[in-house]
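The residues making up each chain are set out below.
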Amino acid sequence: MSAPSPQLPLALRYPPDQRLDTFVADDPALMPQLRDFALAGARRALYVAGPAGTGKTHLAIALCAQAEQLGRSAVYLPLRSLAGRVRAAAEALQGHDLVAVDGLEAIAGDRDDEVALFDLHNRLHDAGRSVFYTADQPPEGLALRLPDLRSRLAQSVRVVLAPLDDAGRHALLRLRAERRGLQVDAATIDWLLRRVDRDLPALTALLDRLDRASLASQRRLTVPFVRQVLAEAS
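Below you will find a few notes about this structure. Since the model is a prediction, treat every value here as computed from it, not as a measurement.

### Side note on the side chain of Gln18
Argument step 1. Its location among the elements puts Gln18 in the segment before α1 (30-40).
Argument step 2. Beyond its immediate stretch of four places on either side in the chain, Gln18 contacts Thr57, His58, Ile61 and Ala62.

In structure tokens, the structure reads:
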């Protein structure tokens, strides 16, 4: 009997918070560029680099969701959970119009995974498909062992993300609160940003917690209420 194939997260239900219209970008040209890529993949390879907490995973998932809404097939490939199994995952990808490869740094230095990714890139390119990469460094900054993979990645169109400033974080929290139907004023958002971890995953997790607390108590997100919720969680 053959060994069972590994369970791979290739069919993901994309979280509603992770959409292109919930991403706050400093560069006004970024969203049109990403929407164009989701629609037609005119640039067959797009590479987004930036430090942790800048929204790279958000964009990878959002692109998949956007492409599927536009009638294209898409798949999200999280390398952090697939390290050592990239070839098995890549071989399962047949016929997708867009592949979002998230977290290149997770497989840098593993030659087998790098060769598998190189083969996947070439297969997608030859078929006229689109591939979207994220990493914490540009290609020349990754500890890759395979020069050919580095060369392919370097040919991608590049986008560099920077951490949001306070105005950007404020806009992000306000936008996501509004999408959830949460009532929160500017003073409460400012109070939060002075007291909590400011990276995007932490802010999203905090908003999830406040959303549940607000629903349970039927209260608006005011400074006294948020202070109470945070105190109870500490």
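Still more ground to cover, so stick around.
### A word on the pairing of strand β2 (residues 74-78)
Argument step 1. Within β2, five of the five residues are buried, leaving the element largely enclosed by the surrounding structure.
Argument step 2. The side-chain alternation of β2 yields two buried faces, one formed by Ala74, Tyr76 and Pro78 and the other by Val75 and Leu77.
Argument step 3. Here five bridges tie β2 to strand β3 (residues 98-102), and the two strands are oriented parallel to one another. The residue of β3 that forms the bridge with Val75 is Val99.

### A closer look at the environment of Ala116
Argument step 1. Note on placement: Ala116 falls in helix α5 (residues 111-126).
Argument step 2. Under the relative-accessibility criterion, Ala116 is labelled buried at 2%.
Argument step 3. For Ala116 and Phe37, which are 79 residues apart along the polypeptide, the C-alpha to C-alpha distance reads 24 Å.
Argument step 4. Ala116 has contacts with Val86, Arg87 and Ala90, leaving out every residue within four places of it along the chain.

### Focus on empty space enclosed by the protein
Argument step 1. Tallied over the full model, the rule gives one cavity of 30 Å³ or more.
Argument step 2. Listing elements by their share of the lining of the largest cavity, those giving two or more residues are α7 (166-179), α8 (186-193) and α9 (200-217).
Argument step 3. Its residues assigned to classes, the lining of the largest cavity comprises eight nonpolar, no polar and no charged.

### Thoughts on the layout of surface pockets
Argument step 1. The space that makes up the largest pocket amounts to roughly 280 Å³.
Argument step 2. If you trace the largest pocket, you find 18 residues lining it, with Gly55, Lys56, Thr57, His58 and Pro201 closest to the centre.
Argument step 3. Taken together, the residues of the lining of the largest pocket break down into three nonpolar, eight polar and seven charged.

### Looking at the nonpolar core
Argument step 1. Ranked by size, the top nonpolar core spans 28 residues in total, and within it Tyr47, Leu77, Leu79, Val101, Leu104, Leu117 and Tyr133 carry the most contacts.
Argument step 2. At the level of elements, β1 (45-49), β2, α3 (79-82), α4 (86-91), β3, α5, β4 (130-135) and α6 (147-154) are the ones that each hand at least two residues to this core.
Argument step 3. Not counting the four nearest positions on each side in its chain, Leu79 is found in contact with Val86, Val101, Asp102, Gly103, Leu104, Ala106, Ile107 and Leu117.
Argument step 4. Within the second largest apolar cluster, 23 residues are counted, among which are Leu34, Val48, Ala60 and Ala74.

### A closer look at the packing of aromatic side chains
Argument step 1. Applying the stated rule across the entire model yields two aromatic pairs.
Argument step 2. Ring geometry for Tyr47 against Tyr133: centres 6.4 Å apart, planes inclined by 45°, an arrangement best described as tilted. You can see Tyr47 sitting in strand β1 and its partner Tyr133 sitting in strand β4, a full 86 residues away along the chain. Neither residue differs from the other here; Tyr47 and Tyr133 are each classed as buried.

### Digging into the pattern of salt bridges
Argument step 1. Under the defined criterion, the tally for this structure stands at 10 salt bridges.
Argument step 2. Among the ionic pairs, Glu140 bridges to Arg158, the shortest N-O distance being 3.1 Å. Residue Glu140 is found in the loop between β4 and α6, and its partner Arg158 is found in strand β5 (residues 157-160); the two are separated by 18 residues along the sequence.
Argument step 3. Residue Arg158 is classed as partly exposed on the basis of its relative accessible area of 37%.
Argument step 4. The partner of Arg180 in a salt bridge is Asp211, and the shortest N-O contact between them spans 3.3 Å. Here Asp211 lies in helix α9 and Arg180 lies in the loop between α7 and α8, a separation of 31 residues in the sequence.
Argument step 5. Among the charged side chains, a network of salt bridges with common partners joins Arg80, Asp102 and Glu105.

### Focus: α9
Argument step 1. Taking 1.5 Å as the rise per residue, α9 with 18 residues should run 26 Å; its terminal C-alpha atoms sit 26 Å apart, in good agreement.
Argument step 2. All of the buried residues along α9 are Leu200, Leu203, Leu206, Leu207, Leu210 and Ser214. With its buried residues spanning 120° around the axis, α9 presents them on a single face. Exposed side chains of α9 directed beyond 90 degrees from the buried face belong to Pro201, Arg212, Leu215 and Ala216.
Argument step 3. Contacts from the buried residues of α9 go to α7, α8 and α10 (223-233).
Argument step 4. Note on α9: the residue one or two positions beyond its end, Gln218, has a positive phi of about 55°.

Procedures and definitions
- Residues numbered from 1 in each chain as written.
- Predicted model: local features only at pLDDT ≥ 70, side-chain atom pairs only at ≥ 80, totals over all residues.
- Heavy atoms only, no water.
- Helix = DSSP H or I, 4+ residues; strand = E, 2+ residues; numbered from the N terminus.
- Contact = heavy atoms within 4.5 Å.
- Buried < 20%, exposed > 50% of the residue type's maximum accessible area, 1.4 Å probe, protein only.
- Pairing = 2+ DSSP bridges.
- 1 Å grid on protein atoms, 1.4 Å probe; cavity = no way out; pocket = protein on both sides within 12 Å on 5 of 7 lines; lining within 4 Å.
- Points joined across faces, edges and corners; volume = space filled by probe spheres on them.
- Nonpolar A, V, L, I, M, F, W, Y, C, P; charged D, E, K, R; others polar.
- Core = buried A, V, L, I, M, F, W, Y, C linked by side-chain atoms within 4.5 Å.
- Phe/Tyr/Trp six-rings, centres within 6.5 Å; stacked < 30°, edge-to-face > 60°.
- Salt bridge = Lys/Arg side-chain N within 4 Å of Asp/Glu carboxyl O.
- Expected span 1.5 Å × (residues − 1).
- Arc of directions from axis to C-beta.

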